[in-house]
Structures are given as C-alpha cells and as structure tokens.
Amino acid sequence: MKGGGPGEATPPQAVFWEGQGVTVEAVERLLAQLASRAEEAGEDRPIVRSRVLNLLVPVRGTTPADRAAQAAARLALQHPSRTIILVGDPQAAGGMDARVLVHTEGRGAEERRVIFCEQLVLTVRGEAARHPASIVLPLLVPELPAVVWWPEEPPWDQTFDELLRACDRLVVDTDRFREVAGLGRLASVGCALGDLAWERLAPWREELARSFDPPAARECLTQLSRVVIRMGTLPRAWLLAGWLADRLGWEVLAQEPAQGGWTVRWRRPGGELSMELATDRSKEETVELSAPQATFRVQGKAGEGTAFARYPGEPGIERRLRWEETTPPMCLDRVLARGSDRSLRNALTHAARLVGEANDRKEKGGAGAK
Amino acid sequence: MSQENPLRGEETTQRRPDPFILVIFGAGGDLTHRKLAPALYSLASQNLLPEEFAVVGFSRREMSDDNFRRDLAGAVGRFSRLSPVRAQVWQRLAERIFYVAGDFTTSDGYHRLGELLTRLDRERGTGGNRLFYLATPPSFYSTIAGRLGEAGLTRGGGWTRLVVEKPFGKDLTTARELNAQLYQVLQENQIYRIDHYLGKETVQNILAFRFANGIFEPVWNRRYVDHVQISVAESLGVERRGSYYEEAGALRDMVQNHLLQLLCLTAMEPPVAFDADAVRDEKVKVLRAIHPFTPKEAGSRAVRGQYTAGWVLGEPVVGYLREPGVVGDSPTETYAALKLFIDNWRWAGVPFYLRTGKRMPKRATEVAIQFKRAPHLLFSQTATPELEPNVLSMRIQPDEGIVLRFAAKVPGPTVRLRTVSMDFFYGTSFGTEPPEAYERLLLDWMLGDSTLFTRRDEVEAAWTLVTSLLESWGEGNAPYPYEAGTWGPREADALLERDERSWRRL
C-alpha cells in the first residue's frame, strides 16, 4: 500500500449483499457469517477482520447517505470499523432495506485478505425510524467503542437521546449548526465529544498559541483590550471565543447583537476587554487581539494566510502560513485518533455560557418590545 | 504572569516547527538520497514543515542549486514511500533548496555557507535557527563542528542544533574525545546523536506495550522471565561498505547501538515521564547495571563469527574475506552473540542473549521474552510432547507485530496440548503505513525533542561495555567461521546449549 492520509487511499469495495424488506435478525446473521461466506464465494486466501470501532452515522435521505458512506470508506485504513449508516424516514411506509459493503485488501506475507471496513446502510421507514436504538444495538460489535457521527446538526430529539445512549462518543460538525443555540445543547451532552469544526480550528489555535510563545508577547495577554473574531460560521467564532475565555480566564460581563454578529464585554484578570464576533464568508477569516502597544493577528482564507505580531521589543513581524485543506474525512480521522478532548469540552462550556446569556437577552428584549 | 504560555498545554494540535534552515553536510551521499530527501518530502506533503524554511546542501562536488534540486527530485522519486510524488508539493519544497560546494576541512566553503545563511535568514525569515546535519563519514564530525564554530555559524541569533549519525566513536576513548570536541562548540542539548532504530514505530511500541498496559509489568521480572533473546539478523553482506566494516565489525556496527538500545527499552524501569531526560536516565541505569566483561569471561559469554561462502535467498554469495575492501586475513567479525546479565533487583540472574549477524538466512529483528515453565504440569508428559514455554515476541521487522505463544487443548476426547499463538500484526490492525524512522527523527529534532536520541552518558556507558569486550577479545582472536545462509557459528549455539536453552527460529 502506498500513500497515507485519509482520502488518499480507499481499499477496494464490493457490494456484498443487498436486500429489501429485511429483518434485523437477518442482517445480524449475515454479518456474523461475513468472513466464512466470503471464503465460500471463492476467496482462497484466509480472511481476517480488522476493526477497532463501531461508527454509527444517522442521516436523512440517500445523498447524505452516499456522502457519509464515502467518508467512512476513506477512514477504513486508519480506523477499521463496522460502519452503520442509518437512513431514517419516519414519514414513509414501513419496512427496512439493507446493503452491506466490504472493503478489503491483501496484507502480510500470506496476503491475508483483510476486511478493513464492513459498511452497513440501513434505510428504516415508518415508526421503527423513531426507535433507532432497537435496530442499532444488536448490530454493534461487542467490546469495541461505538461512535455516533451526525454529519448535520443533530435533531436534539428522542431519537438523538436514544442513539447517544447506545454509543460512547458523539461527533458533530458545529459548522453545520443552524444557530449558536446548538452549542448550548451540545455542551449539556455528558459523553465524550468530538467536533469537525474544532479540528478546522486547530491551525488557528496553533498559530495563536505560537504568537504568544515569546515571553515578551506573553506579557501582553494580561493587557488585552480588544479582540475581533471573524469566521466563516458563527458557531466556529463562538467556539474560538470560548477557547480563549477558558485559557485566559475570562468571564462574560455583557453582550449584545451587532451587525453580522455580537459584541461581548469580558472580564479578564486585571481588567476588561471588548470582543467583536462576526461571520463573514466573503472576506478572510481573522482573529485579532490588541493591547496597548501590541497587535496580534492571524488571518487567512482557503488554506493560506498570515500571522502578524507587534509588541514592545518587536516592531512588527509577519509570517506566512499555509494550512492543509481539511475534508470531513480528515477531520473525522483526527477526532477518532484522539481520546476525549478536554480542551474542546472547556471551550464549549464557555461558548455555551455566551449562548445562555444571549438567550436571556433575547427573552428580555422580547419582553421589552411587548 | 505565569511562565507557561496559557494558550498551550494538553495539545490537541500537531505542533509545527519554528522557522529554520537545514544544512546537510555530505549532501551528495547515499543517506541524503535514501533517507533524508524522502523524509523531507513526506513531511512537506503532510504540511509539517514551516513556511519559512530552507535546505542547504554542502558537499565537495561542484553543483548548481538546480542540479542539486534535480538530484534530490530523483532520489524522492526512487525512494519515497509516498508515490506518485505530488508535483505541487515537491515544487514548494524545491524552491527552498540550495547548494554550496566546499571542502569540509578548509574555511572558505564555510564562509560562503555563512553568507548564504545570512541571505536566507533575511529573505526567508528563518530567524537564525540552524540545524546542521552531518551525513558524512564520522572522521569529519569534529572537523566540521570545529569549522562551524570558527566561522561563527553556531551562533546564528536563533537556536543551533547538530545531528550526527552512527558510529559515534569506535571505542570509549574515541567517543569521549569526540564528545569533548563537540562540546567546544556546542552544549549537550544541542547535539542529536541518531540511532535510527529509535525512530522505528515498532521500537517505540516496546515502551507503549510495556507502560500503557497493566498486565505485563507484573510478570516483567526475574520471578517470571526465564531469559530474553534479542536478535537482529540481516541477509545482506557488507555490500559496498567493506572498508568501513573492516574498521567496525558487528560489535561496533550493531551491538553498541541498536542491540543495546533494544535491550534498554526492554529492561528499563518505568520512567517518571515520557520526556527526554526521564527516559534516558532510565536507559543509562540499565547500561550501567550490565555486568562488564572480564578477559576470562569473554570466551564463555561471547562468540564472534565471520561468514564464508554459501547460499542466501537462492543465490550463491562470496565469503567475507572475498568481499571488496576487505583484507585477505581480516579478523573482523560479521556475527556476534553475547550473554549479558543486568545486575539489579528486577533482572538479577536472568540472561539476556543478544545476537546479530550478516548473511543470515533472512532479515529479522525481534525481542523475545521467554517465560518460565508452569511450576507443575498436571498433564502427562506423553500427552504433551511438543509443549513449549510461553514466549512473548515483539517483532521489529519485518511482519511487525507482537505474538504471544501459549498452550491450548487440542480438540478431542483426550487431553492433548499444543502450542498456539495469539498474533497481533501491525499491517492488519492498522491499515496505515507507519512513517519511516527518519521522518519521525527529523520532526523531533526540528521541534527540539531529544527523547529518541542518545545522550552523552548513554553513548559512553554503551561503549564502556563494548570496549571491555573488545579489549578482552584482543588482538589475534580469530572469529569462528559460519557458512553464509546459516544462523551463525556452531559455537553460538553452544553458548545457549550450555544453559540448556536454544536460539529461537526467526
């Protein structure tokens, strides 16, 4: 095998079995016999199954299902799994369709046939779609951790709670959240979390951290007076604000809606600062931190950008930056490669506090208008 | 304000190195082509290099920047594990590559190098950070370091790091001399001594296996372990390195570094942290606890061999004495087997058998822990003719993985036992290909992490042991012959047979 990163190599796939109007038991039996059946089907090499996790992907509709299937296949070599893509449609007439795909590759001296991914696409219609755990639980591989990945914002309803209980870990993409209120809901989830948007923020966090590696620059962190965060989506901007607040010990004082976003006043150790949070897809994404006699700025778009720093003793230095493009499979790969992410949890807690305040303000605003 | 950067800590991001210039001495050599250039390309394609970055090749041969770039492009095309080479990635790397022709021993080349570094610092924003990589014959190490110091190149305004390859000295005295010479220009934390075995994923996995799992540590000691075997077998001969090998031999070439490193990782106490000093402190303790060789013991605890003509992998091969660059009656050993004892509470009385050789039947590296037999066997000996003791084998290469051997009942109405194995293979458990050792090492020295490099006291402790054996062997002690394509001389088998043990079949 050549190549490395997710998305570069996908083991060959084959549709192994397809059936309409099937039962969970039939699918379960089929999966249990997968290896021996493949051998019967003329595969002369020994078959090994490699899997380190269960990946459950709830989606709505066939296009998102195909997209999720492709993403999961790209992860097969990094994170061999049993992937269950659950297409729920409670409005349609009942019945369940199933499709099983396997991704295999020859490995080792004996060219053992290794199954790196067994992918199960289940289309569940009717009332059963409201009880997804009853379908998923029998199909999870015992002993292995189960991760549920919602490519879109989760519905936050009873099906969400049910699937969450069946799994050990929740992965979302807060960039796909319709509004920041979702951050508050996410923060209240008890299990381990992962977030693709948080991975997209990783180079920003690294560059910001790096700006403050020189001790003289670090001194300025206690004197910050103004912060501007302009990101492609508002949830991501809030998340980054939450991260800064957590790391630097800030507490929300006040906030109000402004054009294209919010302005927030924070209490920081030894003083206060104002923050502008905005979303703007057309311009470069920017994070700028200012203190008297100091400016730190990281900005960029489409993988390229600059980091600028000016502080006492440093008249102004600009570094060019280049970021890797991050596709959903790449972000998911990083999320899965890591255990529970405490810094995400902490950032989210602070972002959620902002959400809470924002909701209070909306309610108060509503009452005032009345 | 706290000392730490509050935006760092419990890192969830891959840290990228600071801006710097990499200067490769001996840029036209094999190592640059086979290892460095492909590793640089791999890091570039994973976007792990900083934007402000440059590579400067330094070598005797006259060459333009463009020719050097073409030269490296060819090397990447041939040796990179990532293929096809992505033109865009290579282009971005290539425009950061430069070349200076110069003699290692005279100062004018260093002046031209200095001018180029200053210019690159200005144009590329590399901030005076320099990494000097010595991919030259070891005889040039101290000269180059001295010249760099004289030309003021080790004080570039940023950090300076120096990387040296093995062999580091050829005995304790020369290793100490070399350390002293490097210390005239640099400090210990600026010197990175490579042992590329430590960059191998499977070698690092020895630590992960031992210290990330709770169930093995309790049995990892003299109460449960019968003995340990560490083997590094090569099917290759000395190839084109005959004249180098004549000076070295298996003991210096393999045992002093790779085998003793494997032994340290297998035998060390748990370090208090996974950082450079904590890990290396524990390794040094192991080396210092190894019982040294007295002249009398050298014969009974060590065996040296030299291959004669034979067949390897279906091809006829010549004997060592007929290899190019080898003296007709050379006493150099191409095989060494050692029996070592570690004098501490954990390992007292447990033999560690080490062996390495060239022209063995196949290439294989492994560390095998053989456990003591069950104290009392319930099942009749006749029912269990082939029952072997439990062995935990950590395979470094090829077929990377871990195998645990144990007894199981053969299905049927009678109690018959048979040895079976529980296998873990990297290739089937993780689908991704592990990075090359040099990729990891390159990244570590760019980031200034010296955990996987050997420290001065470590090198010297290893040499102390090896030198005691070299001196005991002394002059005129001829190696035992073994036919190419066999597992070493008969005397090496006898070394274990005396203890009622035998070498494992690799």
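Owing to the predicted nature of the structure, the values given are computational and were not obtained by experimental measurement.

Parameters at a glance
- Residues numbered from 1 in each chain as written.
- Chains lettered and ligands numbered in written order.
- Predicted model: local features only at pLDDT ≥ 70, side-chain atom pairs only at ≥ 80, totals over all residues.
- Heavy atoms only, no water.
- Helix = DSSP H or I, 4+ residues; strand = E, 2+ residues; numbered from the N terminus.
- Rg over C-alpha atoms; globule rule 2.2 N^0.38 Å.
- Buried < 20%, exposed > 50% of the residue type's maximum accessible area, 1.4 Å probe, protein only.
- Contact = heavy atoms within 4.5 Å.
- Areas by Shrake-Rupley, 256 points an atom, 1.4 Å probe, with all protein chains shown as cover.
- Lys, Arg positive; Asp, Glu negative; His and termini not counted.
- Charge placed at Lys NZ, Arg CZ, Asp CG, Glu CD.
- Disulfide = S-S within 2.5 Å.
- Domains from an automatic or database assignment.
- Salt bridge = Lys/Arg side-chain N within 4 Å of Asp/Glu carboxyl O.
- Polar contact = N/O pair within 3.5 Å; in protein donor to acceptor, adjacent residues only side chain to side chain.
- Nonpolar A, V, L, I, M, F, W, Y, C, P; charged D, E, K, R; others polar.
- Pairing = 2+ DSSP bridges.
- Axes fitted to C-alpha atoms, helices over the stretch in contact; angles between N-to-C directions.

## Quick notes on the overall build of chain B
Reasoning step 1: In terms of helices and strands, chain B carries 14 helices and 17 strands.
Reasoning step 2: Taken over the C-alpha trace, chain B has a radius of gyration of 25 Å; the compact-globule value for 506 residues is 23 Å, and the two agree within 12%.
Reasoning step 3: Principal-axis analysis of the C-alpha atoms gives chain B an extent of 80 × 60 × 45 Å.
Reasoning step 4: Counting all 506 residues of chain B, 57% fall into the buried class.
Reasoning step 5: Of all intrachain contacts in chain B linking residues separated by at least 6 positions in sequence, the fraction that spans at least 24 positions is 78%.
Reasoning step 6: Surface exposure of chain B reaches about 21900 Å², of which carbon and sulfur atoms provide 51%.
Reasoning step 7: Charged side chains of chain B number 63 positive and 64 negative; the gap between the two group centres comes to 3 Å.

## Side note on the state of the cysteines
Residue and element names in this part refer to chain A.
Reasoning step 1: A full pass over the atoms with the stated rule returns zero disulfides over all chains.
Reasoning step 2: Looking at the unpaired Cys117, the closest cysteine sulfur is the one in Cys167, lying at 16 Å.
Reasoning step 3: When its relative accessible area of 1% is taken as the criterion, Cys117 is described as buried.

## Notes on the domain arrangement of chain B
All names here are of chain B.
Reasoning step 1: Once the domains are mapped, chain B shows domain 1 (20–165) and domain 2 (198–436 + 447–497).
Reasoning step 2: Of note, the centres of domain 1 and domain 2, computed from C-alpha atoms alone, are 35 Å apart.
Reasoning step 3: The interface of domain 1 with domain 2 comprises four residues on the first partner and seven residues on the second.
Reasoning step 4: The interface formed by domain 1 and domain 2 holds two salt bridges in total.
Reasoning step 5: A salt bridge links Lys35 to Glu436; the nearest nitrogen and oxygen atoms lie 3.5 Å apart.
Reasoning step 6: Where domain 1 touches domain 2, the interface holds one residue pair in polar contact (both at pLDDT 80 or more).
Reasoning step 7: Split into classes, the residues belonging to the side of domain 1 that touches domain 2 amount to no nonpolar, no polar and four charged.

## Structural notes on the sheet that holds strand S17 (residues 314–322) of chain A
All names here are of chain A.
Reasoning step 1: Overall, mixed pairing links the eight strands, which are arranged S11-S12-S13-S10-S14-S15-S16-S17 in an open sheet. Edge positions in the sheet fall to strand S11 (251–258) and S17, since each of these pairs with one other strand and no more. On average, each strand axis in the sheet is inclined to that of its neighbour by 10 degrees, with strand direction left out of account.
Reasoning step 2: Across seven bridges, strand S14 (residues 285–291) lies against strand S15 (residues 294–301) in antiparallel orientation. Among the inter-strand pairings, Glu285 is bridged to a residue of S15, identified as Gly300.

## Thoughts on the pairing of strand S7 (residues 225–233) of chain B
Residue and element names in this part refer to chain B.
Reasoning step 1: Extensive coverage of S7 is indicated by the burial of eight of its nine residues.
Reasoning step 2: Pairing geometry for S7 and strand S13 (residues 364–371), over eight bridges, is antiparallel. Bridge pairing in S13 links Ser231 to Glu366.

## Topic: the interface of chain B and chain A
Reasoning step 1: Of the residues lining the interface, 37 residues belong to chain B; the matching set on chain A comes to 44 residues.
Reasoning step 2: Summed over the shared surface of chain B and chain A, the number is three salt bridges.
Reasoning step 3: One salt bridge in this structure joins Glu206 of chain A and Arg8 of chain B, with 3.1 Å as the shortest N-O distance.
Reasoning step 4: The interface formed by chain B and chain A contains 10 residue pairs in polar contact (both at pLDDT 80 or more).
Reasoning step 5: For the side of chain B that touches chain A, a count of residues per class yields eight nonpolar, 15 polar and 14 charged.

## Remarks on the pairing of strand S12 (residues 351–357) of chain B
Residues and elements named next belong to chain B.
Reasoning step 1: For S12, the tally of buried residues reaches seven of seven residues, placing the bulk of the element in the interior.
Reasoning step 2: Residues Pro351, Tyr353, Arg355 and Gly357 line one face of S12 and the alternating positions Phe352, Leu354 and Thr356 line the opposite face, and both faces are buried.
Reasoning step 3: Inspection of the sheet shows S7 paired to S12 by six bridges, in the parallel sense. What sits directly across from Gln229, in S12, is Tyr353.
Reasoning step 4: As judged from the seven bridges shared by strand S11 (residues 335–341) and S12, these two strands associate in the antiparallel manner. Following the sheet pairing, Tyr335 is matched in S12 by Gly357.

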